[in-house]
Amino acid sequence: MRLTGFCILCTASAVFCQAVLRPPSPPEDVDLERDQALLTWTSHTHTRNTTYTVQYRSREDGVWRGVPGCVNTAEERCEFAAMATELYGAALRVRAQHDNASSPWQQSSKLVRCVHTRVCSPEVELLASPGYLSVQIDRSHGDCSHSDCSHSDCSHSDCSLRDEYGGHLTYRVLSHTEGQHNNKVVCVGCGRSVRVEGVSAGERVCVQVQYMIYLRPHGTLSAPLCQTIPQSGVLLWRCEADGSRSAGRVCGPHQLCGGGRGGGREHFRVTQGSRPHWRPGVGVRVTVGVRVGVGLVPE
């Protein structure tokens, strides 16, 4: 009889311990909010003292790290505006914790993109010609079907804003002479190809570009990019690799020009007065000989 009572006591204790150590349910509906640098989730675990931890994994090293301010938090949200630049392109995941038990990790289906933060700026290319400066914006976004931004040259720019806002996404272009800080507004609400006119030969002109959504500034200004306006030009060529996600670089005489995602310098060489030549054995089929204008070799 005593033995039976002992067994009943042990069984009851085991059930009690199992109930205490049972892990909480994992968070659900883990999602990144638009334009807020905010990760949210829902939970069916409403037990007292339940907390949540959010981690991020950067593209550089693939290591999971805790998001400051979002470790053992009682809130069902994680605001990361203070480190939005560092988290660009990162994956985020969250788990629930209660006492010494933790739920499985639940990862957001989205990576952190421009549409989630306000830290992005457009990609800018310049081509100087006598009397004007051509500005090309977000040329690599020509095919937004590749908006996963997995290629190496997509640092803080992607197609997510264009995917979200379509034709309501435009640009604000500013220019100034190098060494001066009085930015002039070239255009507001402009498209991806802009010409800066009224510039003098020998003048070094700098350009900055910012996104606009519904004609309101969005994100940050791009870093100043400068070119010297030439008096007389040399032939420039646009080299493009077939099937590449991004168009090739603008190249000048005797300049090595890479035309694919790798941006390799060994692909082809531009020679004065002739078409660029493809080097056999590189493994890239190249469309060459596209003359793009007169100007100086881009820096």
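Along every chain, residues carry numbers that run from 1 in the direction the sequence is written. Where totals are concerned, whole chains, interfaces and linings use all residues; where local detail is concerned, this predicted model gives features only for residues with pLDDT of at least 70, and gives and counts side-chain atom pairs only at 80 or more. Side-chain measures were taken over the full set of non-hydrogen atoms in the model, leaving aside hydrogen atoms and water.

Trainee: I'm lost on the sheet that holds strand S9 (residues 124-129) in this one. Help?
Mentor: Sheet strands associate in pairs through backbone hydrogen bonding, adopting either a parallel or an antiparallel arrangement. Spatially, S9-S10-S13 is the arrangement adopted by the three strands of the open sheet, whose pairing is antiparallel. The outermost strands of the open sheet, each flanked by one partner alone, are S9 and strand S13 (193-197). Strand-to-strand twist across the sheet, computed as the mean angle between neighbouring axes with direction ignored, equals 20°. The pairing criterion for strands is at least two bridges between them, as found by DSSP. Here a strand is any run of E in DSSP of at least two residues, a helix any run of H or I of at least four, and the numbering for each starts at the N terminus. As judged from the five bridges shared by strand S10 (residues 132-137) and S13, these two strands associate in the antiparallel manner. Each axis is a line fitted through C-alpha atoms, taken for helices only over the stretch in contact, and angles between the N-to-C directions span 0 to 180 degrees.

Trainee: What is the right way to look at a nonpolar patch on the surface in this model?
Mentor: Judged by side-chain polarity, Val-185, Val-188 and Leu-215 come together as a nonpolar surface patch covering roughly 290 Å² of accessible area. Positionally, Val-185 belongs in strand S12 (residues 184-190). Residue Val-185 is classed as exposed on the basis of its relative accessible area, which comes to 53%. A patch is a set of surface residues, each over 30% in relative accessible area and not in a salt bridge, joined within 9 Å for like charges and within 5 Å for the nonpolar side chains Val, Leu, Ile, Met, Phe, Trp and Tyr. Here the open area of atoms and residues is found with the Shrake-Rupley method and a 1.4 Å probe, where only the protein chains shown may cover a residue. The term salt bridge refers to a pairing of a side-chain nitrogen on Lys or Arg with a carboxyl oxygen on Asp or Glu at a separation within 4 Å. For the exposure calls, accessible area comes from a 1.4 Å probe over protein chains only, and a residue counts as buried if that area is under 20% of its type's maximum, exposed if over 50%, partly exposed in between.

Trainee: Can you help me understand the layout of surface pockets in this one?
Mentor: Empty space among the atoms can be located by rolling a probe the size of a water molecule over them. What the second largest pocket holds in volume is close to 220 Å³. Contributing to the lining of the second largest pocket are 14 residues, with Ser-175, Lys-184, Gly-198, Val-199 and Glu-203 lying nearest its centre. In this classification, the charged set is Asp, Glu, Lys and Arg, the nonpolar set is Ala, Val, Leu, Ile, Met, Phe, Trp, Tyr, Cys and Pro, and all remaining amino acids, among them Gly, are polar. Broken down by class, the residue content of the lining of the second largest pocket amounts to five nonpolar, six polar and three charged. Cavity: a set of points on a 1 Å grid over the protein atoms alone where a 1.4 Å probe fits but cannot get out. Pocket: an open set with protein on both sides within 12 Å along at least five of seven lines, its lining residues, like those of a cavity, having an atom within 4 Å of a point. Grid points are joined across faces, edges and corners, and a volume is the space filled by probe spheres set on the points.

Trainee: What is the right way to look at the state of the cysteines in this model?
Mentor: One covalent bond between the sulfur atoms of two cysteine residues makes up a disulfide. By convention in this document, the label disulfide applies to cysteine sulfur atom pairs within 2.5 Å. Under the counting rule described, the total for this entry stands at four disulfides. Each sulfur of the disulfide joining Cys-114 and Cys-120 lies 2.2 Å from the other. For the disulfide bridge between Cys-114 and Cys-120, the dihedral angle about the S-S bond is near -90°, and by the sign convention the bridge is left-handed. Taking relative accessible area as the criterion, Cys-120 reaches 2% and is therefore assigned buried.

Trainee: Would you mind going over the nonpolar core with me for this structure?
Mentor: Side chains that are nonpolar tend, in soluble globular proteins, to be buried together. The definition of a nonpolar core used throughout is a set of buried Ala, Val, Leu, Ile, Met, Phe, Trp, Tyr and Cys residues joined through side-chain atoms within 4.5 Å. Ranked by internal contacts, the top residues of the largest apolar core, which has 26 residues, are Leu-133, Val-135, Leu-161, Val-173 and Val-207. Contributing elements (two or more residues each) for this core: S9, S10, helix H2 (160-165), strand S11 (169-177), S12, S13 and strand S14 (204-213). Take this core: its biggest share by element is five residues, from S14. Residues count as neighbours in contact if any of their non-hydrogen atoms are within 4.5 Å of one another. When sequence neighbours within four positions are dropped, the list of residues in contact with Leu-133 reads Leu-126, Leu-127, Ala-128, Val-194, Arg-195, Val-196, Val-205, Val-207, Gln-227 and Ile-229. With 19 residues, the next largest nonpolar core counts Trp-41, Val-67, Phe-80 and Leu-87 among its residues.

Trainee: When you look at the sheet that holds strand S1 (residues 28-33) in this model, what are you seeing that I'm missing?
Mentor: Reading across from one edge, S1-S2-S5 is the order of the three strands in this open sheet, with antiparallel pairing throughout. Each edge of the sheet is formed by a strand with only one pairing partner; in this case those strands are S1 and strand S5 (77-79). Mean inter-strand twist for the sheet, computed between neighbouring axes without regard to direction, equals 10°. Sheet topology places strand S2 (residues 38-42) next to S5; three bridges connect them, and they run antiparallel. Considered in S5, the bridge of Thr-40 is made with Arg-77.

Trainee: Just to check I follow, could you spell out the packing of aromatic side chains for this structure?
Mentor: One pair of aromatic rings is described through two measures. These are the centre distance and the angle between the planes. Here is the rule: rings of Phe, Tyr and Trp (six-membered ring for Trp) pair when centre to centre is within 6.5 Å. Planes less than 30 degrees apart are stacked, more than 60 are edge-to-face, and the remainder are tilted. According to the stated counting rule, one finds three aromatic pairs in the structure shown. Considering the side-chain rings of Tyr-171 and Tyr-211, the 5.6 Å spacing of their centres and the 35° angle between planes classify their relative orientation as tilted. Placement of the pair is Tyr-171 in strand S11 and Tyr-211 in strand S14, with a sequence separation of 40 residues. One exposure class covers both Tyr-171 and Tyr-211, and it is buried. Definition used: whenever NZ (Lys) or CZ (Arg) falls within 6 Å of the ring centre and also within 35 degrees of the ring normal, the charge is taken to sit over that ring. Across the ring face of Trp-64, the terminal group of Arg-93 is positioned such that the distance to the ring centre comes to 4.1 Å. The aromatic ring of Trp-105 is capped on one face by Arg-93, whose charged end is 4.2 Å from the ring centroid.

Trainee: How do you make sense of the side chain of Ser-134 when you look at a structure like this?
Mentor: If you trace the backbone, Ser-134 turns up in strand S10. Beyond its immediate stretch of four places on either side in the chain, Ser-134 contacts Glu-125, Leu-126, Leu-127 and Val-194.

Trainee: Is there a simple way to explain the pattern of salt bridges in this structure?
Mentor: Applying the stated criterion across every chain, the model contains seven salt bridges. The shortest N-O distance in the salt bridge between Arg-65 and Asp-61 comes to 2.7 Å.

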